[in-house]
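Tertiary structure, described
Listed below, chain by chain, are the residues.
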Amino acid sequence: MQMLTKFESKSNRVKGIAFHPKRPWILASLHNGCIQLWDYRMGTLLERFDEHDGPVRGIAFHPSQPLFVSGGDDYKIKVWNYKTRRCLFTLNGHLDYVRTVFFHHENPWILSASDDQTIRIWNWQSRTCIAILTGHNHYVMSAQFHPKNDLVVSASMDQTVRVWDISGLRKKNQAPGSQAYEDHFNRQNSQADLFGSTDVMVKYVLEGHDRGVNWATFHPTMPLIVSAGDDRQVKLWRMNDTKAWEVDTCRGHFNNVSSAIFHPRQELILSDGEDKSIRVWDMSKRNSVATFRRDHDRFWVLTAHPELNLFAAGHDNGLIVFKLERERPAFQVNRNNLFYIQNKVLHVHDFNNGNDRELLSVRKLGSQYVQPRTLSYNPAEKAVLVTSPHEGGTYELFNLPRDVSGDLREPADEGKRGSGSSAIFIARNRFAVFDKTNQQIQIRDLTNTVTKSFKPPTQINEIFYAGTSTLLMATGTSVILYDIQQRRTLAELTTPMVKYVVWSADMNLVALLSKHTITIADKDLQQKCLIHETIRIKSGTWDDAGVFVYCTLNHIKYALPQGDNGIVRTLDQPVYLTRVNGKSLHILDRDGNARVMQIDPTEYRFKLALVKRQYDEVLHIIRNSNLVGQSIIAYLQKKGYPEVALHFVRDDRTRFELALECGNLEVALETARSMDTEDCWQKLSVEALKQGNQQIVESAYQRIKNYDRLSFLYLATGNTDKLRKMLKIAELRNDPMSRFQNALYLGDVEERIRLLRDVGQLPLAYLTAKSNGLTEVAEDILAQAGKTEDEIELPETFGQPLQVPQPVIQLQDNNWPLLTVSRSFFEGSFSLDQKNDQQAAAPGLQFTDDIEDIEEAGGDWGADDENEVTGISQVPHHGDDDDLEGDDEEGGWDMDTDIKIQMQEQSQAPVETAEFVAPTAGTSESSSWIQNSPLASDHIAAGSFETAMQMLNRQVGIVNFEPLKSRFMAIYQASRASLSGNPNIPSMWVYLRRNQDDPRRSLPAVAHNFQNLITANLQPAYNAFTKGRFAVATTQFKTLLHSLLFTVVNTPAEAEEVKQLVGICREYLLGLSMEQKRRALGASPEATKQALELAAYFTHCQLQVPHMQLALRQAAKLCFKNKNFSSASTFARRLLELAPVTTVANEARQIQAACERTPTDEIKLGYDQYNPFVVCGISYEAIYKGSPKADCPYCSTSYLPEHQGKVCTVCEVAQIGSQGSGLRVTA
């Protein structure tokens, strides 16, 4: 048995707790006077109530009303309404602390116990005390109603437990019509004594505790009482109609026992106390079953949920909500059968006919208090594997009986049991058992004999079925697909700790269920989507269409493999999903009963059809279902189907926005008229102008009185008549600027001069008249101004007068559809729905002039109707068409009738739909690069620096992008070319691709070619290293290391070479940094020692052979010079093993010979050549094998753990110790 914690709060000491009977709420009354209302399912604090002065010890919810009651050390009982969040009234009467308060399950009564040695019963409707129960001679610590009978049990510090009969009080408070005359007469004449009422009498006094009793409560169904006291004992009492007696005592607590309750579903007693423990007792055996301890918290109160299998305990620092057993039944689905375990009996349920049969008993597996955890079914051998978490994990193999009639059979074969936390079938005659403690996986046959045993590749927590001879292994942070035969890892997927695995029927998709996440992947563990939930995920199953249906604690939801998810329905209590079949959802409830729940799958099937572009199915759902809701509308907008969303919307504002989005000007105009707001008309004018529908543009401008734009519209369309009207309107509005503008558009010089004279601008009027040759008007203006021509200085030349272009052709239709647009599939279908009746009535064989836009047929149709074309004579028309030759071929044209009918039917939809939708902007080249490539360099080329940086951070932990700025800019610039255009026209960008075959899969040109990097960067770096130019070599290797982040290769072999080159750069950069550090050291003894160590470490860098010879030669000389002869001899020997040139070899032999005479080291070095080590990139200290370290996720340089979180000193861009998925260089 284990304590499964569901919720825990941190607060002041909790003295009272109460579960809400229906909602996932719990009340906690605190020692500081506060009352807290928690949602234990969400883990959130809903409300605080602060009106008591001093500790609040009693708290209780009403079983049906939105009320709760509290009692505290201020002697007050308060009744609260949690909906209005306020105290309704206060009941005063107690003379000391109130210890407990409870509501009656039927009557409007409140029961309170107090330190004033009394128990009071209150009517909360009349707000009066209706009974005072006296008899205890010390503090009354608790008092509770019986859940069914007219009884009250109380516990007191006077070491007694009392049972009170309140049947008289019930009769007294019944409706008058239900009482006999004698009862009514007796009630009127009964006299209450001074301290109590004759309506309540003591029935039993239970004595047996040696010290004060803190708690007493009734069993919910049996005539039993349990009590807990300061004598550290829990006592069980039995009662009948005439007497009550002690049954037994449970001993084990070693301090005061605060409370004790009955388990509502099992024969168990729970108790807690000041010994910081919660204990579980067997009622029949009176022995302790389990003990749960806390280190620092004394327990003060304990309660059980009235309906669910939940308990709560209050302690010094908060409260804890827990349960003692997993309620998830062990089950497995095989084809149309559900195998599950209920009350330790294996059942099989047929999904088709609903039949349920008991197969065998598994009561001997594990403990009687621990339910089986998992079940694995083998259809070939008709066998099941059942596991239990008892004693670290046990399993048992059962063969199903062929005949299930008669009594249940108890399996007697002990040889098919064993220890293991997980056991699953992996083949027809093999199953795998996982021992979590020893991290061992055993493959066993059906006789329970081990045939194979192996260690998992890493520390794992669970194994799951993944097909024949394969396993899914769950670690704390990932899931591994493992091949048992080849003993190798096939794939690994990073995910939160997986609790359950659900495969689709065809084993192509798998859902990995964690506590709060669902990871959907394919059979190769390639992630499809990741879904996060704030509430615990309980179970799931796959729909036949490939939709994953799952449930949380309070919802049934769905998830599409593409990542979309939503709610199917709400739940009162959690259930466990087993099968989805259309609208029927097969489930197991928490009592282990197989049931069928009805759901509406319309929403997720609609979304799935949209995702798969199954438009016929989408239309079928739209026409035949009641699919509504803001979430559907938002989803359709998000996915780019506003015309479908328009079908569901009735709100004018939303319809208007959707109509604009899909270019449906008719609907937009209709809704704009109904709303009639300036903002709507403005948006409509913009969209109509894009489509060329200037009639709507004109109407919109007129509605918002945008005269300037109206005038320009008339100018653009050549409508001079309306321009003249606009001129008149400007005069009436007394708007000189608009008047001048319209006169200018019309080319009306006289009107402009008249306007300028009216506003007093005589110089401008004179210039206008003079420049346009109106001499008489100019002289008249001069006379008006009192000037002569001699007084006026004019320019020598005026230039040509401004002429407004006139329209060549006045259009009959004011709209000009310059863009050929078409409706979408859905708009065409909706339009056909509206016209079906008309089309059904039309004759099918008649020719119908159905072309909506005649210009689409060709630009020259009808060009020669009025004027003949020069050089081509017209064919004269002789008679009617009926006079054509060949009348004897009667009915010859009928051979094409069938084809014509088919062509008309096929062409109706596209012709009908050739309207409305404005063409949307196509996908830009850079956007295609982002969609087509998972490489950071391609995102940089597209200009999406942010996503590129996020990729580099996820892959190799890059956090310092400053050194990479120049490369970002270079890649971006190298991906495009600029072509100059005509004057005053911006240049055109030409995007450079590396693949020219498929434009839809285009990718940018490669800026960093791998072979070029080797030629241009690696070889010069090697040469600089050879020549001893360490600063230059460091710069070149670092440049190469940074460039490799943006390299793109085509084959896995080249990708492996990139990884090798990263390692080469790391080794050289680390060696160069150590060498430069050594050369910068002084001459002190400490510096000498460090210099020798650095020279020694340098020889362990993985360098090219010539460069390794240089490092070894230098180290040998340095050690020989400082009389470290033993080390010098070692370096000389290693140098000779590399076969250097003759002069170097002779030198090494001389050093070796000299050192062998005195093989000692004068300076003790922290260097052990025989123990494998790596060098810290910051402190340059050796980190020997097995020591803790932190690595750079990009270059893999090792560091001491204290440097975790810093930027790597070798690559200068990645964060030490961060996790990465690995550099990706292939698309």
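Definitions and limits used
Residues numbered from 1 in each chain as written. Predicted model: local features only at pLDDT ≥ 70, side-chain atom pairs only at ≥ 80, totals over all residues. Heavy atoms only, no water. Helix = DSSP H or I, 4+ residues; strand = E, 2+ residues; numbered from the N terminus. Buried < 20%, exposed > 50% of the residue type's maximum accessible area, 1.4 Å probe, protein only. Contact = heavy atoms within 4.5 Å. Areas by Shrake-Rupley, 256 points an atom, 1.4 Å probe, with all protein chains shown as cover. Disulfide = S-S within 2.5 Å. Arc of directions from axis to C-beta. Pairing = 2+ DSSP bridges. Axes fitted to C-alpha atoms, helices over the stretch in contact; angles between N-to-C directions. Parallel < 35°, antiparallel > 145°, perpendicular 65-115°, else oblique. Left-handed = near helix turned anticlockwise from the far one by under 90°. Nonpolar A, V, L, I, M, F, W, Y, C, P; charged D, E, K, R; others polar. UniProt positions renumbered as here; feature names shortened; annotations may be inferred. pLDDT = per-residue confidence, 0-100. Core = buried A, V, L, I, M, F, W, Y, C linked by side-chain atoms within 4.5 Å. Phe/Tyr/Trp six-rings, centres within 6.5 Å; stacked < 30°, edge-to-face > 60°. Lys NZ or Arg CZ within 6 Å of the ring centre and 35° of its normal. Salt bridge = Lys/Arg side-chain N within 4 Å of Asp/Glu carboxyl O. Polar contact = N/O pair within 3.5 Å; in protein donor to acceptor, adjacent residues only side chain to side chain. Patch = residues over 30% accessible without salt bridge, like charges linked within 9 Å, V, L, I, M, F, W, Y side chains within 5 Å.

A short note on the overall build of the protein
Summing up its helical and strand segments, the protein has 29 helices and 61 strands in all. In the protein, buried positions account for 48% of the 1227 residues. Pairs at least 24 residues apart make up 49% of the contacts formed inside the protein by residues separated by at least 6 positions. With the model as given, the accessible surface of the protein reaches about 62300 Å², and the carbon-plus-sulfur share is 47%.

Some remarks on the state of the cysteines
Per the counting criterion, the structure on display carries zero disulfides. The thiol sulfur of C1065 is not disulfide-bonded, and the nearest other cysteine sulfur, from C1195, lies at 9.7 Å. In this structure C1065 comes out as buried when scored by relative accessible area, which is 0%.

With respect to helix α19 (residues 925-932)
Those residues of α19 not exposed but buried are E925, S926, S928, W929 and N932. All buried residues of α19 lie within an arc of 155° about the axis, which places them on one face of the element.

As for the pairing of strand β12 (residues 118-123)
Among the six residues of β12, six are classified as buried, and the element is accordingly described as predominantly covered. A two-sided burial pattern is seen for β12, the buried positions comprising T118, R120 and W122 on one face and I119, I121 and N123 on the other. Here five bridges tie strand β11 (residues 109-114) to β12, and the two strands are oriented antiparallel to one another. Of the residues in β12, the one forming a bridge with W109 is N123. Examined bridge by bridge, β12 and strand β13 (residues 128-134) share six bridges and lie antiparallel to one another. Looking across to β13, one finds that T118 is bridged to T134. Remark: four residues form the turn of the hairpin made by β12 and β13, two consecutive strands paired antiparallel; R127 in that turn has positive phi of roughly 60°.

Describing the packing of helix α21 (residues 945-956) against helix α22 (residues 965-974)
Closest axis-to-axis distance for the α21/α22 pair is 12 Å, and the angle between their directions is 125°. Considered as vectors, α21 and α22 are oriented oblique to each other. Between α21 and α22 the crossing geometry is right-handed. Residues F945, A948, M949 and L952 of α21 touch α22, and the partners they reach there are F968, M969 and Y972. Along the lines of polarity and charge, the residues of the contact of α21 with α22 split into seven nonpolar, no polar and no charged.

Quick notes on α22
Inspection of α22 places R967, F968 and I971 among the buried residues, and these make up the whole buried set. The buried side chains of α22 occupy one side of the element, clustering within an arc of 105° when seen end-on. Projecting away from the buried face of α22 at angles above 90 degrees are the exposed residues K965 and Q973. If you follow the buried residues of α22, they end up packed against α20 (936-941), α21 and α24 (1030-1043).

Considerations on the sheet that holds strand β14 (residues 140-145)
Spatially, the four strands line up as an open sheet ordered β14-β15-β16-β17, and their pairing is antiparallel. Each having just a single partner strand, β14 and β17 (201-207) make up the two edges of the open sheet. Taking the axes of each pair of neighbouring strands and ignoring which way they run, one obtains an average angle of 20° across the sheet. With six bridges joining them, strand β16 (residues 160-165) and β17 adopt antiparallel strand pairing. Paired with V163 across the two strands is Y204, which belongs to β17.

As for the UniProt feature "repeat: WD" (unreviewed entry) in the protein
Mapped onto this numbering, the UniProt entry annotates "repeat: WD" (unreviewed entry) at residues 7-48, 49-90, 91-132, 133-167, 206-247 and 250-291. Helix makes up 3% of residues 133-167 and strand 57%, with an end-to-end C-alpha separation of 13 Å.

Some details on unusual backbone geometry
With a phi close to 70°, Y75 is a non-glycine residue in the positive phi region. Within the element layout of this structure, Y75 appears in the loop between β7 (67-72) and β8 (77-81). Backbone geometry places N448, a non-glycine residue, at a positive phi of 70°. Turning to its location among the elements, N448 is positioned in the loop between β39 (440-445) and β40 (450-454). The buried category is assigned to N448, whose relative accessible area is 9%.

Considerations on the sheet that holds strand β34 (residues 383-388)
Backbone hydrogen bonds are what pair the strands of a sheet, in a parallel or an antiparallel way. With antiparallel pairing, the four strands of this open sheet are ordered in space as β33-β34-β35-β36. In this open sheet, the two strands that pair with only one neighbour each are β33 (374-378) and β36 (417-419). Direction aside, neighbouring strands of the sheet carry axes that sit 20° apart on average. Bridge count for β34 against strand β35 (residues 394-399) is six bridges, and the pairing is antiparallel. Looking across to β35, one finds that T387 is bridged to Y395.

Details of the confidence of the model for the protein
Atomic detail in the predicted coordinates should be set aside for any region of low pLDDT. Per-residue pLDDT for the protein has a mean of 82; in total, 84% of the residues score no lower than 70. Every residue in residues 818-822 scores below 50 in pLDDT, and together they form 13 contacts with partners more than four places removed in sequence or on other chains. Ignoring residues within four places in sequence, the model shows residues 837-915, a span with pLDDT below 50, making 31 contacts including any to other chains.

A few points about the nonpolar core
Core analysis: the largest hydrophobic core is formed by 86 residues, its most contacted members being I958, F1037, L1044, L1045, Y1194 and C1211. The leading source of residues in this core is helix α25 (residues 1052-1079), at ten residues. If we ignore the near neighbours within four places in the chain, the residues touching C1211 are L1041, H1042, C1192, Y1194 and C1195. With 26 residues, the next largest nonpolar core counts F656, L669, L710 and L727 among its residues.

Observations regarding the pairing of strand β24 (residues 277-282)
Where burial is concerned, most of β24 is hidden: six out of the six residues are buried. Where strand β23 (residues 268-273) and β24 come together, five bridges link them in antiparallel fashion. The residue of β24 that forms the bridge with D272 is I278. The loop that links β23 with its antiparallel partner β24 comprises three residues; one of these, K276, has a positive phi angle of about 65°. Relative to strand β25 (residues 288-293), β24 runs antiparallel, the two being bridged by five bridges. Across the sheet, W281 pairs through a bridge with S288, a residue of β25. Between β24 and β25, which pair antiparallel and follow one another directly, the connecting turn spans five residues, one of which, R286, has a positive phi of 60°.

Comments concerning the packing of aromatic side chains
How two aromatic rings sit relative to each other is set out by the distance from centre to centre and by the angle between their planes. What the rule picks out here adds up to 34 aromatic pairs. Among the aromatic residues, those joined into a cluster by ring pairs are W25, F49, F61, F68, W80 and Y82. Directly above the aromatic system of W300 lies the positively charged group of K15, at a separation of 3.9 Å from the ring centroid. Sitting over the ring of W245, K243 keeps its end group 5.3 Å from the ring centre.

Comments concerning the pattern of salt bridges
If you walk through the whole model with that rule in mind, you get 41 salt bridges. One continuous salt-bridge network, built from bridges that share partners, spans R265, K323, E327, R590 and D591.

Let's talk about the environment of H1100
If you trace the backbone, H1100 turns up in the loop between α26 (1085-1098) and α27 (1105-1121). In this structure H1100 comes out as partly exposed when scored by relative accessible area, which is 26%. With twelve residues separating them along the chain, H1100 and L1112 place their C-alpha atoms 9.3 Å apart. Within the structure, H1100 has its side chain in polar contact with the side chain of Y1167 (distance 2.7 Å).

Focus on the side chain of S421
Its place among the elements puts S421 in the loop between β36 and β37 (422-427). Assessed through its relative accessible area of 18%, S421 is described here as buried. With residues near it in sequence (within four places) discarded, S421 still touches R373, T387, G392, G393, F434, K436 and E462.

Focus on a nonpolar patch on the surface
On the surface, L979, M988, V990 and L992 cluster together to form a nonpolar patch covering roughly 340 Å² of accessible area. Secondary-structure assignment places M988 in strand β57 (residues 988-991). On the basis of relative accessible area, M988 is assigned to the exposed category, the value being 55%.

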